[in-house]
Amino acid sequence: EAGVTQFPSHSVIEKGQTVTLRCDPISGHDNLYWYRRVMGKEIKFLLHFVKESKQDESGMPNNRFLAERTGGTYSTLKVQPAELEDSGVYFCASSQDSGSTYGYTFGSGTRLTVV
Amino acid sequence: AQSVSQHNHHVILSEAASLELGCNYSYGGTVNLFWYVQYPGQHLQLLLKYFSGDPLVKGIKGFEAEFIKSKFSFNLRKPSVQWSDTAEYFCAVNQGSGTYKYIFGTGTRLKVLA
């Protein structure tokens, strides 16, 4: 089966600009997650979709981050305006169940650099 | 707050050496435990998982991990590493079945010298 696809793989933007990251989960996976890893630190949960609904967005850092999942398929994560501390690798993952039993399938991540 | 500690940030080994990566978590309830690996240029992949039963879990590529509840630990082991095991390894925890949020450790970069 096709894996979780994220693009772009790399993005370099200036502070104050807007960036949109995209994630295409595995077909049929209702659960979609966004995680972020800031340089050298742990991978942190951002939010969780079930189909098109946000189940938990408790990890979103602030209101500059907006996640959507159109029609329960692909998801976008927009950062507007970007700040230096937003730099990091943004991972998307999907799963059939909650992920607790079978684990997630991760994408390769988007490396975001804000300069 | 719940947390996961990986004490070894960087490990360098020669081929055929034995590997043990430490993972400790702080949460007193039921947990599911995972080890993920990220090879250079690739996505995170599940190595192995524990949610109940035998505390010694075997995963892919000859890896195993032992859950010791009394020590809140889930250390990853491999008896003999290969150059192809060079990667970053992440321990992760979530709170039992039905939940979804993972708490990850900071990762351990393993370099295996040929």
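Reading the values: rules and limits
- Residues numbered from 1 in each chain as written.
- Chains lettered and ligands numbered in written order.
- Predicted model: local features only at pLDDT ≥ 70, side-chain atom pairs only at ≥ 80, totals over all residues.
- Heavy atoms only, no water.
- Helix = DSSP H or I, 4+ residues; strand = E, 2+ residues; numbered from the N terminus.
- Rg over C-alpha atoms; globule rule 2.2 N^0.38 Å.
- Buried < 20%, exposed > 50% of the residue type's maximum accessible area, 1.4 Å probe, protein only.
- Contact = heavy atoms within 4.5 Å.
- Core = buried A, V, L, I, M, F, W, Y, C linked by side-chain atoms within 4.5 Å.
- Polar contact = N/O pair within 3.5 Å; in protein donor to acceptor, adjacent residues only side chain to side chain.
- Pairing = 2+ DSSP bridges.
- Axes fitted to C-alpha atoms, helices over the stretch in contact; angles between N-to-C directions.
- Salt bridge = Lys/Arg side-chain N within 4 Å of Asp/Glu carboxyl O.
- Buried area = accessible area lost by both parts, 1.4 Å probe.

(A) How the structure looks around the overall build of chain B. Each helix and strand counted, chain B has zero helices and twelve strands in total. Starting at the N terminus and walking to the C terminus, you meet the elements of chain B as β-β-β-β-β-β-β-β-β-β-β-β. Its C-alpha radius of gyration of 14 Å places chain B within 12% of the 13 Å reference for a compact globule of 114 residues. By principal-axis analysis of the C-alpha atoms, chain B measures approximately 40 × 25 × 20 Å. Scored against the burial criterion, the 114 residues of chain B give a buried share of 46%. Within chain B, counting contacts between residues at least 6 apart in sequence, those at least 24 apart form 55% of the total.

(B) Seen up close, the nonpolar core. By size, the foremost hydrophobic cluster in this structure holds 28 residues, and its most contacted members are Leu33, Trp35, Leu47, Leu48, Phe74, Leu76 and Tyr89 of chain B. Secondary structure elements with two or more residues in this core: β2 (10-14), β3 (19-21), β5 (32-38), β6 (44-50), β8 (64-68), β9 (73-78), β10 (87-94) and β12 (108-113) of chain B. Ranked by the residues each element gives to this core, the list is headed by β10 of chain B, at four residues. Core analysis: the second largest hydrophobic core is formed by 21 residues, Ile26, Met60, Leu112 and Val114 of chain A among them.

(C) Spatial organisation of the side chain of Gln6 of chain B. Residues and elements named next belong to chain B. Among the secondary structure elements, Gln6 is positioned in the loop between β1 (3-5) and β2. Note on Gln6: relative accessible area 3%, which makes it buried. Within the local environment of Gln6, its side chain forms a polar contact with the backbone oxygen of Tyr89, the two atoms lying 3.0 Å apart. At 3.1 Å, the side chain of Gln6 forms a polar contact with the backbone nitrogen of Gly107. Once residues within four sequence positions are removed from consideration, Gln6 is found in contact with Gly22, Trp35, Tyr89, Phe90, Cys91, Gly105, Thr106, Gly107 and Thr108.

(D) Local environment of the sheet that holds strand β3 (residues 19-24) of chain A. Residue and element names in this part refer to chain A. Read across the sheet, four strands follow the order β1-β3-β8-β7 without closing on themselves; strand pairing throughout is antiparallel. The open sheet has two edge strands with one neighbour each: β1 (5-7) and β7 (65-69). Along the sheet, successive strands turn relative to each other by an average axial angle of 15°, direction set aside. Direction of pairing for β3 relative to strand β8 (residues 75-79): antiparallel, over a ladder of five bridges. Across the sheet, residue Arg22 finds its bridge partner in β8, namely Thr76.

(E) View of the pattern of salt bridges. Applying the stated criterion across every chain, the model contains 13 salt bridges over all chains. Between Glu83 of chain A and Lys15 of chain A there is a salt bridge, with its nearest N and O atoms 4.0 Å apart. With Glu83 of chain A in the loop between β8 and β9 (88-95) and Lys15 of chain A in the loop between β2 (10-13) and β3, this residue pair connects regions lying 68 residues apart in the sequence. Given the relative accessible area of 52%, Lys15 of chain A is considered exposed. One salt-bridge network, held together by shared partners, links Lys58, Glu64, Glu66 and Arg77 of chain B.

(F) Here's a closer look at the interface of chain B and chain A. Listed per partner, the contact involves 24 residues of chain B and 23 residues of chain A. Summed over the three residues of chain B that lose the most area to chain A, namely Leu44, Tyr100 and Phe104 of chain B, the buried surface amounts to 33% of that side. Taken together, the links from chain B to chain A amount to two salt bridges. Between Arg37 of chain A and Glu88 of chain B there is a salt bridge; the shortest N-O distance is 2.8 Å.

(G) The pairing of β2 of chain B, seen in detail. Residues and elements named next belong to chain B. Alternating positions in β2 separate cleanly, Val11 and Leu13 being buried on one face and His10, Ile12 and Ser14 remaining unburied on the opposite face. Of the pairings in the sheet, the one linking β2 to β12 comprises five bridges and is parallel in character. From the neighbouring strand, Ile12 faces β12, where its bridge partner is Lys111.

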